[in-house]
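Below are the chains, spelled out letter by letter.
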Amino acid sequence: MSVRHERVLAALELKEPDRVPTMDLMLEYANIYEILGKRPLPLGFLYSNPYAVRVMDWVFPRLNQSFGVDYSMNAFTYDRTAASVKMGYDSAWVIHVPIYRFFDTKRAYDIYGRAYDVTLDGKGNLGTPMYREGLISNPDDWRAWDKRDILRMPEKNNRAYRRVQRDFGDRLFIFGSFSGGLFEITWQCMGFQRYSVAVRKERKFVESMIRFYTDLYCLMLEAMADAGLPGVLYTDDLAYRSGPMFNPRTYEELFGDSYRRITETAHALGMKIAIHSCGNVYQLLEWFCDCGFDGVHALEPTAGMELARVKELVGKRICLMGNIDVTHVLVDATREEVFAAVRQSIMDAGKGGGYILAPTNSHGGMSVQRLRWMLEAVEKHGRYLLEEDFN
Amino acid sequence: MEEYLEKVKEAVANLELDEVTPLLKEGLEAGIGAVDLLGAMSQGMVKVGELFEKEEYFLADLVLAGEMMKEGLKVLEPHLTETGVEKKGTVVLCTVKGDIHDIGKNLVGTMLTSSGFKVVDLGVDVSEDKVVEAVRSHSAGAVGLSVLLTTMVNSIGDVVSALKSAGLRDQVKIAIGGACTTQELADRMGVDAVGKDAVEAVRIFSSWFN
């Protein structure tokens, strides 16, 4: 087992590694290409040419019928992992999402029934698609939805993860991923307003979707374990900036059994599993522990998450991950500010182990230079014994 | 009548989805004024807001309450037009250019409407020119800008600059809200307030129009 693996594993097991481990969340083509020194495809620039757009409007929906989308997502997953290794991270959240399909150059949807606007990052690349609305609003829509591509996900994941694990697994602790958690996927395919009503009035419909995806995710875990991945980051945005979106009791009723089944499956397969949720999750922290997650990620400062307080509340039960701000610190802060933020997070959560330092999220405005400073700062401040242990 | 209005208020406050519309229809048929019924619904929404602040209700509950308000307003609006209810003030709302997230914005719109404001909702991905045009044509006193994406925060500054260029900045207050907004961002962009949720948004706009 490599030092990086040992480091990450120790933190996830709430032990003290040789230094605070790091995790990468990079999702944006521009940064990945910058790190790898690759030239992006000029796809984004073609959008400014009306003739090219007309041709692409014809071509894009036809890519849905071919392996075009899958191929580009496999390439993305590979490049994205290579970039993490090149940067020197200890671990990375590696997504593999061959889920997008195009209506045309401006609008896309995914195999789970979510519609998006296609976005550009201004640097010649397609950006992360921007969620617009759901395409499944009632049980009839759900029954009629073509699920064949969804059911192929475990096999597709297995192939892509097997490749990155083979080529990079000895240098990086790779966290696999689903394409959104049970809450996120079920509300987004019908829209939040509609979902809020459905949870009240059509509970059985909502539960039938959750059951379907729980079974699917357990199969995806089997596929990831078979590919050799040591961990999974289960991403489910359950909260927003001032608290959970639903009553925590409702979360337990809807998702408690499924979450426990998912974590038990991961553990039975020898994998670690952490949960990512944006927003203010104070009211959910104990529940995450009770559900069996090994780590909790994001802990966004902008949502009021104070790392020292989280450490005090649940630091003995779950590994804390994230907390480095992506609205200022990793966007336009000075070197001193980046070092100060990293040092503060390590002082707040690093003592005794059980902390993996990482950005809270990923977006196109993040600066590669500041990510490098972040990693430098971890080398400086994150070696155990920590500075505070000397005080 | 007081007892009946109390029932409407409680139905809204308790999020009794299927009860409010029939209650309003019955009330109108019984000769209770639309303004009184709207007042009872608004009081119910105030209670919802209080329960939200006490962390007994959550975002989804606000959305449910908002849906009830929308349904209720459909019943009451024809009667309200007849009586010509005076609004507290006009607020132009939108999600900024480059961003299409609208849960928070919609919620703020519903809460403001139920609190007696005229809301001009411009939708999502709205350019600064459209905001200026709406402020001018509706003589709005305030603007609410929603932004979720960190990459789009500069669109807030674009709106502020456009309002300044149009000579309208001094006559409107601007509030921002959304996942990536902070007081530091509000200061940097030159806006007047930042709200953490829809309940706080109502408080902010109310303070400006009182």
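In this text the structure is predicted, and so the values were computed from the model without any measurement.

J.: Help me out: how do you make sense of the overall build of chain B in this one?
T.: Of the regular secondary structure elements, chain B holds nine helices and five strands. Of the regular secondary structure in chain B, the N- to C-terminal order runs α-α-α-α-β-α-β-α-β-α-β-α-β-α. Compactness check: chain B gives a C-alpha radius of gyration of 18 Å against a globular reference of 17 Å for 210 residues, within 12% of the reference. Its C-alpha atoms give chain B principal-axis dimensions of roughly 55 × 35 × 25 Å. Here chain B, with 210 residues, has 55% of them falling under the buried criterion. If you take every contact in chain B between residues at least 6 apart in sequence, the share linking residues at least 24 apart comes to 73%. Accessible surface, chain B as shown: approximately 9200 Å² in total, 48% of it carbon and sulfur. Looking at charge distribution, chain B has the averaged site of its 20 positive side-chain charges lying 5 Å from that of its 34 negative ones.

J.: How should I be thinking about the environment of Tyr161(A) in this particular structure?
T.: Residue and element names in this part refer to chain A. Position of Tyr-161 among the secondary structure elements: in helix α8 (residues 153-168). The spatial distance from the C-alpha of Tyr-161 to the C-alpha of Gly-256 is 28 Å, given a sequence separation of 95 residues. Look past the residues within four positions of Tyr-161 in its chain and what remains in contact with it is Val-94, Ile-95, His-96, Gly-176, Ser-177, Met-224, Ala-227 and Leu-229.

J.: When you look at the environment of Tyr195(A) in this model, what are you seeing that I'm missing?
T.: Residues and elements named next belong to chain A. Looking at the secondary structure, you find Tyr-195 in helix α10 (residues 192-201). For Tyr-195 and Asn-138, which are 57 residues apart along the polypeptide, the C-alpha to C-alpha distance reads 9.9 Å. Aside from chain neighbours lying at most four places away, what touches Tyr-195 is Phe-183, Thr-186, Trp-187, Met-190, Val-206, Phe-246, Leu-254 and Phe-255.

J.: Please clarify how the interface of chain B and chain A should be interpreted in this entry.
T.: Interfaces are often sized by the amount of accessible area the parts lose when they come together. Taken together, the contact pairs 33 residues of chain B with 27 residues of chain A. Interface area, chain B with chain A, both sides summed: about 2500 Å², of which 63% is carbon and sulfur. The largest share of the area that chain B buries against chain A comes from Phe58(B), Leu59(B) and Ile100(B), three residues that together contribute 23% of it. At the junction of chain B and chain A, the tally comes to one salt bridge. Remark: the boundary between chain B and chain A carries six residue pairs in polar contact (both at pLDDT 80 or more). Put simply, the parts of the chain that give the side of chain B that touches chain A at least two residues each are α4 (59-83) and α5 (103-114) of chain B. Partitioned by chemical class, the residues of the side of chain B that touches chain A number 14 nonpolar, ten polar and nine charged.

J.: What am I meant to see in the pattern of salt bridges here?
T.: Where charged atoms of side chains with opposite charge meet at close range, the side chains can pair. Residue and element names in this part refer to chain A. The full count for this structure, using the stated rule, is 41 salt bridges over all chains. Here Lys-38 and Asp-79 are joined by a salt bridge, their closest N and O atoms 3.0 Å apart. On the criterion of sequence distance, the pair formed by Lys-38 in the loop between α2 (29-36) and α3 (43-46) and Asp-79 in helix α5 (residues 68-87) is long-range, its members being 41 residues apart. Of the residues examined, Asp-79 reaches a relative accessible area of 12% and is grouped as buried.

J.: Which parts of the structure should I look at to understand the sheet that holds strand β2 (residues 91-93) of chain A?
T.: Sheets are built from strands paired through backbone hydrogen bonds, the pairs being either parallel or antiparallel. Residues and elements named next belong to chain A. One open sheet holds the eight strands; their spatial order is β1-β2-β7-β8-β11-β12-β13-β14, and the pairing between them is parallel. Looking along the sheet, the strands with just one partner apiece sit at the ends: β1 (23-24) and β14 (355-359). Summarising the sheet, β1 and β2 pair through two bridges and their orientation is parallel. Among the inter-strand pairings, Asp-24 is bridged to a residue of β2, identified as Ala-92.

J.: Would you explain helix α3 (residues 34-53) of chain B in this entry?
T.: Residue pairs three or four apart in sequence face the same way in an α-helix, which turns once every 3.6 residues. Over its 20 residues, α3(B) extends 28 Å from the first C-alpha to the last, a length consistent with the 28 Å expected when each residue adds 1.5 Å. Listed as buried for α3(B) are Ala34(B), Leu37(B), Leu38(B), Ala40(B), Met41(B), Ser42(B), Gly44(B), Met45(B), Val48(B), Gly49(B), Leu51(B) and Phe52(B).

J.: Any chance you could explain the packing of aromatic side chains here in plain terms?
T.: Any aromatic ring pair is given by two values, namely how distant the centres are and how the planes are angled relative to each other. In the structure shown here, the tally under the stated rule is 36 aromatic pairs over all chains. Their ring planes at 50 degrees and their centres at 4.9 Å tell us that Phe173(A) and Phe175(A) sit as a pair that is tilted. We classify Phe173(A) as buried; its relative accessible area is 1%. Both rings, one in Phe205(B) and one in Trp208(B), keep their centres 5.5 Å apart while their planes meet at 90 degrees; by these two values the pair is edge-to-face. One end of the pair is Phe205(B) and the other is Trp208(B), both in helix α9 (residues 198-209) and three residues apart, which spans about a single turn. On the accessibility criterion, Phe205(B) (2% relative accessible area) is buried. You can call Trp208(B) partly exposed: its relative accessible area is 23%. A cation sits over an aromatic face here: Lys147(A) above Trp142(A), 4.4 Å from the ring centre.

J.: Please clarify how the pairing of strand β4 (residues 173-177) of chain B should be interpreted in this entry.
T.: For a regular strand, side chains alternate in direction, first toward one face of the sheet and then toward the other. All names here are of chain B. With four of five residues buried, β4 is to be regarded as a mostly interior element. Relative to β4, strand β3 (residues 142-146) runs parallel, the two sharing five bridges. Of the residues in β4, the one forming a bridge with Gly-144 is Ala-175. The parallel pair β3 and β4 is bridged by helix α7 (residues 154-165), and the resulting crossover is right-handed. Chirality of the crossover, the property in question, places the unit of β4, helix α8 (residues 183-189) and strand β5 (residues 193-195) among those that are right-handed.

J.: Help me out: how do you make sense of the sheet that holds β4(B) in this one?
T.: Residues and elements named next belong to chain B. Here five strands make up an open sheet; going across it, the order is β2-β1-β3-β4-β5 and the pairing parallel. Two strands close off the open sheet at either side, each with one partner strand: β2 (118-121) and β5. Shown here is a sheet whose adjacent strand axes are inclined to one another by a mean of 25 degrees, direction ignored. Along the sheet, helix α6 (residues 128-138) contacts β1 (90-95), β2 and β3; its crossing angle with β1, the most-contacted strand, is approximately 165 degrees. Taken strand by strand, α9 contacts β1, β3, β4 and β5, and its axis lies near 150 degrees from that of β5.

J.: Before we go on, may I ask you to explain the side chain of Asp294(A) in this structure?
T.: Residue and element names in this part refer to chain A. Relative to the elements of secondary structure, Asp-294 occurs in the loop between α13 (285-290) and β12 (295-298). Although Asp-294 lies buried, it forms no salt bridge, and the closest oppositely charged side chain, Lys-272, sits 4.4 Å away as judged by the N-O distance. Filtering out sequence-adjacent residues up to four positions away, Asp-294 remains in contact with Leu-12, His-267, Lys-272, Ile-273, Ile-318 and Cys-319.

J.: Looking at this model, I keep getting lost on a nonpolar patch on the surface. Mind explaining?
T.: Residues and elements named next belong to chain A. A cluster of nonpolar side chains, contributed by Val-55, Trp-58 and Val-59, occupies part of the molecular surface with about 300 Å² of accessible area. Inspection of the secondary structure puts Val-55 in helix α4 (residues 50-63). Taking the relative accessible area as the measure of exposure, Val-55 reaches 52% and is therefore exposed.

Cut-offs applied
Residues numbered from 1 in each chain as written. Chains lettered and ligands numbered in written order. Predicted model: local features only at pLDDT ≥ 70, side-chain atom pairs only at ≥ 80, totals over all residues. Heavy atoms only, no water. Helix = DSSP H or I, 4+ residues; strand = E, 2+ residues; numbered from the N terminus. Rg over C-alpha atoms; globule rule 2.2 N^0.38 Å. Buried < 20%, exposed > 50% of the residue type's maximum accessible area, 1.4 Å probe, protein only. Contact = heavy atoms within 4.5 Å. Areas by Shrake-Rupley, 256 points an atom, 1.4 Å probe, with all protein chains shown as cover. Lys, Arg positive; Asp, Glu negative; His and termini not counted. Charge placed at Lys NZ, Arg CZ, Asp CG, Glu CD. Buried area = accessible area lost by both parts, 1.4 Å probe. Salt bridge = Lys/Arg side-chain N within 4 Å of Asp/Glu carboxyl O. Polar contact = N/O pair within 3.5 Å; in protein donor to acceptor, adjacent residues only side chain to side chain. Nonpolar A, V, L, I, M, F, W, Y, C, P; charged D, E, K, R; others polar. Pairing = 2+ DSSP bridges. Expected span 1.5 Å × (residues − 1). Phe/Tyr/Trp six-rings, centres within 6.5 Å; stacked < 30°, edge-to-face > 60°. Lys NZ or Arg CZ within 6 Å of the ring centre and 35° of its normal. Right-handed = clockwise from strand over helix to strand, strands pointing away. Axes fitted to C-alpha atoms, helices over the stretch in contact; angles between N-to-C directions. Patch = residues over 30% accessible without salt bridge, like charges linked within 9 Å, V, L, I, M, F, W, Y side chains within 5 Å.

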